[in-house]
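One-letter residues, chain by chain:
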Amino acid sequence: MPKMFKKKENKEDDKIIRARRGKFVSRLRGMKDVLPEEYRYWNLVIKKATELAKSYGFKRLDTPVLESLELYERSSGRSSDVVTKEMFSFVDKNDDRIALRPEATPGVVRAYIEHGMFNLPQPVKLFWLGPVFRHDKPQAGRFRQFSQFDLENIGETSPVADAELIAVTYYFFRELQIDVVIQINSIGCSVCRKDYLVKLENFYKERGRRAKLCHDCKKRLVKNPLRLLDCKEKACVEMAAEAPQIVDSLCDDCRNHFIKVLEYLDELDIPYNLNPLLVRGLDYYNRTVFEVWPSAAEAAVEVAPGGAEKLAGKAAGERAEQPRQNALGGGGRYDGLVEYMGGRPTAACGMAIGLERVIMKIKEKNIPLKDDEKGDIFLAQLGDQARRKIMKLFEVLRKAGFNVREAFTKDSLKSQLEAADKMGVKYSLILGQKEVMDGTILIRDMESGIQEIIDYKKIVAELEKRLGNPAK
Ligand code: HAM
């Protein structure tokens, strides 16, 4: 094309693009579209989550996306980052304060109380999958809308419940071929934590430490001193490494509970790291808290098993480095929350995994995926009469349980067979004008290219012979 025309054309293109941009409303910051090619990752993680939850006796429930803002203020906690900084909240037309859920646990606990699930045999084991919303600063692996796979075990005090939860979490990652290490700590109960908090505050008030804290931590020292331990600012990290450890202040009951959890994990060969700095960012936790970190981040950190013995002896856990990458999951015990939310005193524990982060790991590691989109049989047609007949046949075969694919809108046989090839099917059934008249159909082996004529009425039997009976 002559240069002169090219320039003009480019200018025209620019104009069109600019005009289109002016009209176009893009998606919000921190929100993602899940496109069809990405859905196979979602199918995989949702399938794995569902299978595991079911095997361990967790039953699925859903809760509304919108809840009263007060639900989260009271449960996630008025001093938590989630409530103070990250809520998507608004006042609705009735002047009610509403929030988009930032996590599943408060809604699940509300549903447990509201639907009288305390009358069911305890514990009630629930599983939940869905989108949650946090107005956080978007960055790699951090979104404003993301999805959680959440498990809650409500009504069980035994450390077996904590261990089972951590085991299911660990198996989820192991079966998806993602190497992780569980970071674990105990933050005690309201009684022993009180003593610890006094020690912690005294530590930060000693030798001008307070002045060196970051702006947020100065506030935390007053409102929620435990959170000083997981600040990411360099000076705060250095000070936290010197701070007294909560495991040294646990009361006998909390200490024994923690040792039992670790013993079960040792027995199950689940790799974990005793992490005295792990405190979690939500207010409802007591006793066991844990997070799932990608194992590469732990290169410098010693990994137990054997932690139960160490804890039973004098030494507390090793000082762990803060994760350079985002946690893939986290959870813990929350024995006070159900009562605090208006229910009976009820022990509980739970965990949630961030599915976008899991999918990022699967992609990063190039973990091969089974292609669920692939079919076994492609139905091709030539001519309108054949098309009508084959559309009916498609339904017959689909209902019989065969994995069938089509491209009914295409006319040429060549382009249909190309589509069949892309879909990776084993056989194509080809129906033309002649076959319609003869009461036959062609079956083509897509690998060898060999074609045979078969009786139209015997298609199902022929496919069963070649592919097996799909109903069995
Ligand atoms: P959480 O640690 O706040 O715990 O969130 C669980 C997981 O959600 C995180 O480990 C991470 O994988 C993912 N996640 C958190 N924020 C983001 C974000 N902005 N973008 C992408 N992924 C994110 C809870 O939510 C508790 N409700 C867990 C629990 C259940 N505790 C007891 N029961």
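A short tour of the structure in this document, coming up.

**Things to note about the nonpolar core**
Okay, step 1: Judged by nonpolar contacts, the single largest core of 102 residues is most densely connected at Phe 149, Phe 172, Ile 184, Tyr 204 and Leu 229.
Okay, step 2: It is helix H6 (residues 159-175) that contributes the most residues to this core, 10 residues altogether.
Okay, step 3: In contact with Phe 172, other than residues within four places in its own chain, are Val 45, Lys 48, Ala 49, Leu 52, Phe 149, Ile 353, Leu 355 and Val 358.
Okay, step 4: Counting 20 residues, the second-largest nonpolar core is a separate cluster that includes Ala 386, Leu 393, Phe 402 and Phe 408.

**Quick notes on the environment of Glu 86**
Okay, step 1: As for its placement among the helices and strands, Glu 86 is situated in the loop between helix H4 (81-85) and strand S3 (89-91).
Okay, step 2: Ignoring sequence-local partners within four residues, the contact set of Glu 86 consists of Asp 81, Phe 133, Arg 134, His 135 and Asp 136.

**Considerations on the site of the ligand**
Okay, step 1: Taken together, 25 residues sit near the ligand, with Glu 103, Thr 105, Phe 143, Arg 280 and Tyr 285 positioned nearest.
Okay, step 2: Separating an oxygen atom of the ligand from a backbone N or O atom of Leu 328 is a distance of 3.0 Å.
Okay, step 3: For the ligand, the accessible surface in isolation is 660 Å², of which the surrounding protein chains cover 94%.
Okay, step 4: For the shell around the ligand, the secondary-structure elements that each account for two or more residues are strand S6 (145-154), strand S10 (329-333) and strand S11 (348-354).

**Side note on the sheet that holds strand S5 (residues 124-133)**
Okay, step 1: Pairing within the open sheet is mixed, and its 8 strands lie in the order S1-S5-S6-S11-S10-S9-S7-S8. Edge positions in the open sheet fall to strand S1 (59-60) and strand S8 (272-274), since each of these has one partner strand only.
Okay, step 2: Across 3 bridges, the pairing between strand S7 (residues 180-186) and S8 is parallel. Each residue of the ladder has a partner; that of Ile 184, found in S8, is Leu 274.

**Examining the sheet that holds strand S2 (residues 66-68)**
Okay, step 1: The strand order across the open sheet formed by 3 strands is S2-S4-S3, and the pairing between neighbours is antiparallel. Bordering the open sheet on either side are S2 and S3, each of which pairs with just one other strand. When the angles between neighbouring strand axes are averaged without regard to direction, this sheet yields 35°.
Okay, step 2: The pairing of S3 with strand S4 (residues 97-100) spans 3 bridges and is antiparallel. Of the residues in S4, the one forming a bridge with Val 91 is Arg 97.

Cut-offs and rules
- Residues numbered from 1 in each chain as written.
- Predicted model: local features only at pLDDT ≥ 70, side-chain atom pairs only at ≥ 80, totals over all residues.
- Heavy atoms only, no water.
- Core = buried A, V, L, I, M, F, W, Y, C linked by side-chain atoms within 4.5 Å.
- Buried < 20%, exposed > 50% of the residue type's maximum accessible area, 1.4 Å probe, protein only.
- Helix = DSSP H or I, 4+ residues; strand = E, 2+ residues; numbered from the N terminus.
- Contact = heavy atoms within 4.5 Å.
- Near = heavy atom within 4 Å.
- Polar contact = N/O pair within 3.5 Å; in protein donor to acceptor, adjacent residues only side chain to side chain.
- Areas by Shrake-Rupley, 256 points an atom, 1.4 Å probe, with all protein chains shown as cover.
- Pairing = 2+ DSSP bridges.
- Axes fitted to C-alpha atoms, helices over the stretch in contact; angles between N-to-C directions.

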